[in-house]
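Next come the chains, spelled out residue by residue.
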Amino acid sequence: MSYIIIFYYLINFFLVGAQQLLLGPFVYLLPFTLSLNLFYLKIKDKYLLIILIFTLIGILTLLIKGYPIIYIIKIIQFFLGSLILYILLIGIRLIKRRYIIISFLNWCIIEKLYFFLFDKFPPYLESYFSNIQNIEIRSELSSSISRFVGPTLNTSITGTFLAVIFFMATFEKESIFIEDNNLSFKSKTKITNLIAILSFSLLILSFSGTGFISFLILLLIKSYNFIFGVFKTLKIKKLIFYLFILSLILIFIQLRFKIIDADLLYRYSSGYISFIFQDKIDKIDWYFKNSTDFLFGIDFKEFSIYKLENIGGDILIFSFFRIFGFFYFITFWILCMVLSKGLRIYNVVLLLSTLHYGTIFTLTGQLLFSSLIISNKYYLENRKKYFNSKPHKL
C-alpha cells in the first residue's frame, strides 16, 4: 500500500511543479492520458456539455472578431484552462486533493529551504526566469529581503492559495478527502493539522499582501459565529481595553526593537491596499473607451498585438473583459460558482485576488483551482462511487 501512495504522490508532485520545470504542457497531457479509459464516465457528467458549449461560444466569438487561430488557442487555454482541466481531472483516482495540496506545500518548502541554505533560488527557477525576468528582481521585497514565488511562479498567487488551503484544512477538512474516503478519522486529522500548520507558516513567510487580504476575508467570514459569540459573552468595554493594551504592546515592541522590516509591514498596510485598488480603478478608464468594449469585448484589429501577447500582470482580469466582454466573464464566473458547490466562498476569494494577478488563469493556478475548488460539485454528487472502501491507516 505504501508504494502505491508514494506513486500517487509523485504523480501529483510532478503535476504541481510542471510549469516551473518548463514542462507546462504535461499539466494537460498527463490528465488527458489518464482519462483515456474514462471517456464514458466523463460524458455522463451533465456539466461536460455545458462547458463544451461555453468554450465553443468563446471560440466563435473570437473568430467573428477576427482573432487569428494561434491567438484563439492561446486565449482559450489561458482563460478557460481551468474548465478544460475540470473535464480532464474528474474521475482520475491517481490525482487526489490531499496529494495536490501536500505537493504544493512541499514545492514551497523546497524553494524556501534551498534559499536558506545556499542564499539563492533553486536552479529550476533560475532557468525558468532566465528568458523572462531576473528572479531576484521579481521576488525582491527590499534590498536585503526576497520572497519565495512558489510553484505558481508568483508570490501573490502562491500566498492566496496558501490562505485558501489553510482555511480548507481548518473548516472544510472533509473536502480535502472528498474523492477518497479510505482513510481513518485519525489519519485525516493528522493530515489536515499538518496542512494547516504548514500553509499558515508559509503564508507568513511569503509576505504577500494579496495573500494577507485573502486570509483576512476568509477569517472574517469563517470566524463570524465565533467572533459574534465573543462579543455576546464579553463586555464591549473590557474587549476594547484588552485589544488596546495588546496593540500598545505590539507597537512598542516593533518601535523599540524593529523586529519586522518596514518594507514587509508596508505590504500589509492600508496604504498599500488602497494603492492596489486605486490602481485597478484607474486602469478601467484606460482599458475601456466605452461601455460596448467593456460589455462585449473588442475586435482584434482594435487590440494591438503587443497588448494581446502581454497577457498577465496587474491588469489580468481586464484582459478577460477586453477580449471576451463582461457578459461572457459573468457566465464563466457563474459556471465556476455552480461547479464549486460547498466551497463557493473560496471561489469568490480567488476571483477577488485575480483583480491583482491571474490567480485562476496561470497554469499552476488553473490546476489548483480545478482540482481543489470547481471539482467539488462533481464529487459531492458522485461520492458513492468513491466512498466505497473501508478505512485504512495511511
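Refer to the structure above for everything that follows.
Reading guide: rules and limits
Residues numbered from 1 in each chain as written. Predicted model: local features only at pLDDT ≥ 70, side-chain atom pairs only at ≥ 80, totals over all residues. Heavy atoms only, no water. Helix = DSSP H or I, 4+ residues; strand = E, 2+ residues; numbered from the N terminus. Buried < 20%, exposed > 50% of the residue type's maximum accessible area, 1.4 Å probe, protein only. Areas by Shrake-Rupley, 256 points an atom, 1.4 Å probe, with all protein chains shown as cover. Phe/Tyr/Trp six-rings, centres within 6.5 Å; stacked < 30°, edge-to-face > 60°. Lys NZ or Arg CZ within 6 Å of the ring centre and 35° of its normal. Contact = heavy atoms within 4.5 Å. Axes fitted to C-alpha atoms, helices over the stretch in contact; angles between N-to-C directions. Parallel < 35°, antiparallel > 145°, perpendicular 65-115°, else oblique. Left-handed = near helix turned anticlockwise from the far one by under 90°. Nonpolar A, V, L, I, M, F, W, Y, C, P; charged D, E, K, R; others polar. Core = buried A, V, L, I, M, F, W, Y, C linked by side-chain atoms within 4.5 Å. Patch = residues over 30% accessible without salt bridge, like charges linked within 9 Å, V, L, I, M, F, W, Y side chains within 5 Å. Salt bridge = Lys/Arg side-chain N within 4 Å of Asp/Glu carboxyl O.

Engineer: Residues and numbers for the overall build of the protein, please.
Structural biologist: Per the secondary structure count, the protein includes 23 helices and zero strands. Counting across all 394 residues of the protein, residues that qualify as buried make up 49%. Of the roughly 20,100 Å² of accessible surface on the protein, 70% is carried by carbon and sulfur atoms.

Engineer: Account for the packing of aromatic side chains, with residues named and values stated.
Structural biologist: Enumeration according to the criterion identifies 37 aromatic pairs in this entry. Grouped by ring-pair contacts, the aromatic residues Phe54, Phe78, Phe79, Phe294, Phe320, Phe321, Phe324, Phe326, Tyr328, Phe329, Phe332 and Phe361 constitute a single cluster. When the ring centre of Tyr99 is taken as origin, the NZ or CZ atom of Arg98, which lies over that ring, is 4.6 Å away.

Engineer: Outline helix H20 (residues 344-353), listing residues and values.
Structural biologist: Taken together, the buried positions of H20 are occupied by Tyr346, Asn347, Val349, Leu350, Leu351 and Ser353. Buried residues belonging to H20 abut helix H9 (155-171), helix H11 (209-222), helix H18 (316-324), helix H19 (326-339) and helix H21 (363-374).

Engineer: Can you lay out the packing of H9 against H21 for me, pointing to particular residues and giving the numbers?
Structural biologist: With their axes 12 Å apart at the nearest point, H9 and H21 run at an angle of 15° to one another. On the basis of the axis angle, H9 is roughly parallel to H21. Once H9 is placed against H21, the crossing between them reads as left-handed. Taking contact as the criterion, the partners of Phe161, Val164, Ile165 and Met168 in H9 are, on H21, Gly365, Leu368, Phe369, Leu372 and Ile373.

Engineer: Any details on the side chain of Gln20? Residues and values, ideally.
Structural biologist: As for its position among the elements, Gln20 is in the loop between helix H1 (2-17) and helix H2 (26-34). In contact with Gln20, other than residues within four places in its own chain, are Trp107, Tyr124, Leu125, Tyr128, Gly150, Pro151 and Leu153.

Engineer: Can you explain H18? Please cite residues and give values.
Structural biologist: The buried fraction of H18 amounts to nine of the nine residues, a majority that puts the element mostly inside the structure. Looking only at H18, the buried set comprises Leu316, Ile317, Phe318, Ser319, Phe320, Phe321, Arg322, Ile323 and Phe324. Residue Gly325 follows H18 closely and has a positive phi angle near 100°.

Engineer: How would you summarise the packing of H9 against H11 if you had to cite specific residues and measurements?
Structural biologist: Two elements in contact, H9 and H11, have axes separated by 7 Å at closest approach and are oriented at 25°. In terms of orientation, H9 and H11 fall into the roughly parallel class. The element H9 and its partner H11 pack so that their crossing is right-handed. Packed against H9, whose contacting residues are Ser156, Gly159, Thr160, Ala163, Val164, Phe166, Phe167 and Phe171, the element H11 presents Thr210, Gly211, Ser214, Phe215, Leu218, Leu219 and Lys222 at the interface. For the contact of H9 with H11, the per-class residue count stands at eight nonpolar, six polar and one charged.

Engineer: Help me get a handle on the nonpolar core, residues and values and all.
Structural biologist: Counting 98 residues, the largest nonpolar core has Phe332 and Ile373 as the members making the most contacts within it. With 13 residues, the single largest contributor to this core is helix H5 (residues 69-89). If we ignore the near neighbours within four places in the chain, the residues touching Ile373 are Arg97, Val164, Met168, Leu339, Ser340, Leu343, Tyr346, Asn347, Leu350 and Leu368.

Engineer: Report on unusual backbone geometry, specifying residues and quantitative values.
Structural biologist: Phi at Leu22 is positive, roughly 65°, even though this residue is not glycine. Along the chain, Leu22 falls in the loop between H1 and H2. Residue Leu153 is not a glycine yet carries a positive backbone phi of 70°. For Leu153, the location among the structural elements is in the loop between helix H8 (135-139) and H9.

Engineer: Residue-level account of a nonpolar patch on the surface, with values.
Structural biologist: The grouping of Leu56, Leu60, Leu63, Ile69 and Ile73 at the surface amounts to a nonpolar patch, some 470 Å² of accessible area in total. Among the secondary structure elements, those contributing two or more residues to the nonpolar patch are helix H4 (46-64) and H5. Per element, the largest residue contribution to the nonpolar patch is three residues, and it comes from H4. By the element assignment, Leu60 lies in helix H4. Residue class for Leu60 comes out partly exposed when judged on its relative accessible area of 43%.

Engineer: I'd like to hear about the pattern of salt bridges, residue by residue, with values.
Structural biologist: Summed over all chains, the structure comprises four salt bridges. With its nearest N and O atoms 3.0 Å apart, the salt bridge here joins Lys222 to Glu172. A residue pair is termed long-range when its members are at least 10 positions apart, and Lys222 in helix H11 and Glu172 in the loop between H9 and helix H10 (185-206) qualify at 50 residues. Notably, a salt bridge pairs Glu381 with Lys377, separated by 2.9 Å at the nearest N-O pair. Placement of the pair is Glu381 and Lys377 together in helix H22 (residues 376-381), with a separation of four residues, close to one helical turn. Among the residues examined, Lys377 registers a relative accessible area of 9% and is labelled buried. In this structure, a network of salt bridges that share partners links the residues Lys46, Lys377 and Glu381.

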